[in-house]
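Summary of the model geometry
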Amino acid sequence: MKTSSAPTLRSPQELLAALDPDQREVAEHLEGPMCVLAGAGTGKTRAITYRIAHGVATGAYEPTQVLAVTFTARAAGEMRSRLRDLGVSGAQARTFHSAALRQLDYFYPVAVGGRRPELVEHKAGLVATAARRVGLPSDRALVRDLSAEVEWAKVQMLRPEDYSERVRRLRRETPGGLAAEEVARLYEAYESAKTERDVMDFEDVLLSMVGILRSRSDIAAQVRGQYKHFVVDEYQDVSPLQHRLLQLWLGPQRRQLCVVGDVSQTIYSFTGASPAYLTGFTQEFSGARTVRLSRDYRSTPQVVSLANTVLAGRGGRSLPSGAVELVAQRPSGPAVRFDTYDDDEAEAAGVVAHVQRLAAAGVPLSEIAVLYRTTAQSEVLEQALAQAGIGVLVRGGTRFFQRPEVRRAMVLLRGAARTETANLSGDLSVDVRAVLAREGWSEAPPAQRGAVRERWDSLNAIVELGDQLAQVRGAGLAELARELEERAEAQNAPTYDGVTLSTIHAAKGLEWDAVLIIGTSDGLLPISLAEGPEAIEEEKRLLYVAVTRAREHLVLSYARARHAGGRASRRPTRFLASSWPSPEEAKDTRRRQSSSSKASRRQAMEEFLEDNDAGTVALFEALRQWRAGVAKERSHPAYTVFPDVTLQSIAIIKPTTLPQLSAVHGVGAVKLKEYGADILRLVSAHGAAGSGA
């Protein structure tokens, strides 16, 4: 959302007063190396952004000399947004690649000469060409694995001639069972193909800057004069190449570096990331200060307890070196649920039932996620949710802003804002619908599922964003176009009114009110391909990441067999051996939870009836009758229209305008558009009836 004026920089006292003691220690340490070991949900982004703001507020930092580096465009965008909200302007927050590319574009003409080679976003085409040149298969699966292997070699800063020896020394498994020498030849052919086409890949951006900074002391001095204070987030994910670039950015004897990370969230070792730079920080930077952030503000004590149990492992032994034991700060919540099913289809049906119960209890669909180890597990879930009429957002596929319909929509919106002002109504909600109708958007979602529905969902997300911006006075198509451009840069996609399906890897850095983790059985988590103690430990950290995505509701499940009637050979994951209940315990728990849930709903209804006057109760009953009619007409369960708790809130608040109605918990932009007018008419009719009584 846009604001009329930039926020004012807060005073040092205000900044520090907003932090807990450990976060405050981070913010107050402005000079010298610092290592922040931050557990999941402990407010690490808050700590480091307030540290930067405190440095600027006290005059210790010149904002334009601060560079904050993270690993995703979304995280960098979040950091920039928070710094703006704190009144800090001029500080840079970028990914490693974005920062390096900006520098490379500036220095390339001087350091190398001519035009920088074009950047290729995907290696697959060049790898396939290289594979054919050296007589290797070029099927899609092998090309994907070879692309990942080339990327690993480059972030290790290995030349093709060094690859074979390093792989043998590390006893690293090569893709497709190929000999190390064959992969080395492919790697060399890949580099040749890039040279012929005058292109570079993302690793070349970092490698080129490393080479320039090493060979050109004048350029290195210029970069070091520009940036004097560095912050690196997710430091457990740093690769040797990124670490080398960071060293060159800093220069000899430079110590103005703050790193933040969590060894327990190291889940990208296969890409070349290493937690060794985090765990060895105090050896690399003598006298470095270490602070632990352990207060978990995200999750309930029940979720936090299970997360700590996963890390401690069998027998509840001590946590791994460098790990942070979380301490829950939120009130108690529902118990973690463990479910066992006969087969994958039964597990998917169980997921649908859980989603329906959560939605009926007032949890928005956009605050529910289903996580899994491999993308292949999502197909049966997508089918089951679609059959139940529940929308889904699948993460890990094409990014929102890379989808063709989204890119065309952004072009249409920019063009209409510039050239069609005379034809626009001035009402953003109306205008965005008119423009996107040309791209195929319609008021009603299509009956088809799959690609057709995904395309409509993408466009509808832009329409809903327009509805949100319409509440800001003066917002029009130009403001919407700018908002989309900023979100595209930060990879901050609009919210969908649907359940998120995601691999655990793609879910890192995100959080939801409710998380369902499926396939928590040996063979899937840990995956059967994980061999050796290090690989198994990484799989355990993967489960830890999945568990800590949940704020309040957490469900873990597995299926004994893959197909109905198949051999029931699966067992609960070894990481939860001490936590998974026996079949008898599970039955008792489900019975108690079901009884407790029904009692809670009954008690809540009794309290509502007792606490409110006859007019409010009558309005609630009228809303329930209206909901029943809508549900029957659309052949949807009643809770998907609105749960009881939302209808009760509407009856109590009695909104008279759409903005008032949108403030009610459980009324999102989609439902406001679909049902808002009907609800306001009902409220108005009951108000008139009440006044005439």
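Nothing here was measured: the structure is a model prediction, and the numbers come from that model.

Comments concerning the overall build of the protein chain
Looking only at helices and strands, one finds 28 helices and 16 strands in the protein chain. Against the 2.2 N^0.38 benchmark of 26 Å for 693 residues, the protein chain shows a C-alpha radius of gyration of 27 Å, consistent with a compact globule. Counting across all 693 residues of the protein chain, residues that qualify as buried make up 50%. Long-range contacts, defined here as pairs at least 24 residues apart, represent 77% of the contacts in the protein chain between residues at least 6 apart. Accessible surface, the protein chain: about 32100 Å² in total, of which carbon and sulfur atoms supply 49%.

Quick look at the nonpolar core
One recurring pattern in soluble globular proteins: nonpolar side chains tend to sit buried together. Formed by 78 residues in total, the largest nonpolar core has its most connected members in Trp-249, Leu-554 and Leu-556. At seven residues, helix 23 (residues 533–547) tops the list of elements feeding residues into this core. Taken domain by domain, this core gets at least three of its residues from each of domain 1 (12–107 + 206–293) and domain 3 (301–398 + 498–580).

What to know about the sheet that holds strand 12 (residues 368–372)
Here six strands make up an open sheet; going across it, the order is 11-16-15-12-14-13 and the pairing parallel. Each edge of the open sheet carries a strand with a single partner, namely strand 11 (337–343) and strand 13 (392–394). Going across the sheet, the axis of each strand differs from the next one's by a mean of 25°, ignoring polarity. As paired strands, strand 11 and strand 16 (residues 550–561) are joined by six bridges and run parallel to one another. Residue Asp-339 lies in a different strand from strand 16, and its bridge partner there is Ser-557. Set on the sheet, helix 17 (residues 378–387) makes contact with strand 12, strand 13 and strand 14 (499–503); between it and strand 14 the angle comes to about 175°.

So, the environment of Ala-60
Residue position: Ala-60 is located in the loop between helix 3 (44–57) and strand 2 (66–70). Along the primary structure Ala-60 and Leu-126 are separated by 66 residues, whereas in three dimensions their C-alpha atoms are 48 Å apart. With sequence-adjacent residues up to four places away left out, Ala-60 is seen in contact with Leu-30, Glu-31, Gly-55 and His-229.

What about the pattern of salt bridges?
A complete count under the given rule lists 44 salt bridges for this structure. Residues Asp-198 and Arg-115 are paired through a salt bridge, measuring 2.8 Å at the closest nitrogen-oxygen approach. A residue pair is termed long-range when its members are at least 10 positions apart, and Asp-198 in the loop between helix 9 (180–197) and strand 5 (199–200) and Arg-115 in the loop between helix 5 (96–111) and strand 4 (118–119) qualify at 83 residues. Judged by its relative accessible area of 33%, Asp-198 is partly exposed. A single network of salt bridges, built from pairs that share partners, joins Lys-44, Asp-233, Glu-234, Asp-237 and Lys-508.

Remarks on the side chain of Thr-616
As for its placement among the helices and strands, Thr-616 is situated in helix 25 (residues 614–634). Discounting chain neighbours no more than four positions away, the residues touching Thr-616 are Phe-608, Ala-651, Ile-652 and Lys-654.

Here's the deal with the pairing of strand 15 (residues 512–517)
In terms of burial, strand 15 is a largely internal element, five of the six residues being buried. By the bridge criterion, four bridges tie strand 12 to strand 15 in an arrangement that is parallel. In the sheet register, Val-370 faces strand 15, and the bridge partner there is Leu-516. Handedness of the crossover joining strand 15 and strand 16 through helix 23 is recorded here as right-handed.

Points about the sheet that holds strand 3 (residues 92–95)
Across the sheet, six strands lie side by side as 3-2-6-7-1-8; this open sheet has parallel pairing. Of all the strands in the sheet, just strand 3 and strand 8 (289–293) have a single pairing partner and so form its edges. Pairwise comparison of adjacent strand axes, ignoring direction, gives a mean angle of 15° for this sheet. Summarising the sheet, strand 2 and strand 3 pair through four bridges and their orientation is parallel. Each residue of the ladder has a partner; that of Leu-67, found in strand 3, is Gln-92. Its contacts with the sheet put helix 2 (residues 21–28) on strand 1 (34–38) and strand 8, and the angle it makes with strand 8 is roughly 150°.

Some details on the domain arrangement of the protein chain
Examined at the domain level, the protein chain breaks down into domain 1 (12–107 + 206–293), domain 2 (121–200), domain 3 (301–398 + 498–580), domain 4 (400–490) and domain 5 (612–688). Put simply, the middle of domain 4 and the middle of domain 5, counted by C-alpha atoms, are 27 Å apart. Taken together, both faces of the contact between domain 4 and domain 5 bury some 450 Å²; the carbon and sulfur share is 50%. For the domain 4 face of the interface with domain 5, the top three residues by lost area are Arg-433, Glu-464 and Gln-471, together amounting to 60%. Across the contact surface, domain 4 and domain 5 share zero salt bridges. Viewed at the interface, domain 5 and domain 4 are joined by one residue pair in polar contact (both at pLDDT 80 or more). Sort the elements by how many residues they give to the side of domain 4 that touches domain 5 and helix 20 (residues 451–469) lands first, with three residues. Looking at the side of domain 4 that touches domain 5 residue by residue, the classes come out as one nonpolar, two polar and four charged.

Concerning the packing of helix 6 (residues 124–133) against helix 9
Contact geometry of helix 6 with helix 9 gives a least axis separation of 8 Å together with a crossing angle of 120°. In terms of their interaxial angle, helix 6 and helix 9 are classed as oblique. Between helix 6 and helix 9 lies a crossing of right-handed hand. Of the residues in helix 9, those in contact with Leu-126, Val-127, Thr-129, Ala-130, Ala-131 and Arg-133 of helix 6 are Leu-186, Ala-189, Tyr-190, Ala-193, Lys-194, Glu-196 and Arg-197. Looking at side-chain class alone, the contact of helix 6 with helix 9 contains eight nonpolar, one polar and four charged residues.

Rules used in this analysis
Residues numbered from 1 in each chain as written. Predicted model: local features only at pLDDT ≥ 70, side-chain atom pairs only at ≥ 80, totals over all residues. Heavy atoms only, no water. Helix = DSSP H or I, 4+ residues; strand = E, 2+ residues; numbered from the N terminus. Rg over C-alpha atoms; globule rule 2.2 N^0.38 Å. Buried < 20%, exposed > 50% of the residue type's maximum accessible area, 1.4 Å probe, protein only. Contact = heavy atoms within 4.5 Å. Areas by Shrake-Rupley, 256 points an atom, 1.4 Å probe, with all protein chains shown as cover. Core = buried A, V, L, I, M, F, W, Y, C linked by side-chain atoms within 4.5 Å. Domains from an automatic or database assignment. Pairing = 2+ DSSP bridges. Axes fitted to C-alpha atoms, helices over the stretch in contact; angles between N-to-C directions. Salt bridge = Lys/Arg side-chain N within 4 Å of Asp/Glu carboxyl O. Right-handed = clockwise from strand over helix to strand, strands pointing away. Buried area = accessible area lost by both parts, 1.4 Å probe. Polar contact = N/O pair within 3.5 Å; in protein donor to acceptor, adjacent residues only side chain to side chain. Nonpolar A, V, L, I, M, F, W, Y, C, P; charged D, E, K, R; others polar. Parallel < 35°, antiparallel > 145°, perpendicular 65-115°, else oblique. Left-handed = near helix turned anticlockwise from the far one by under 90°.

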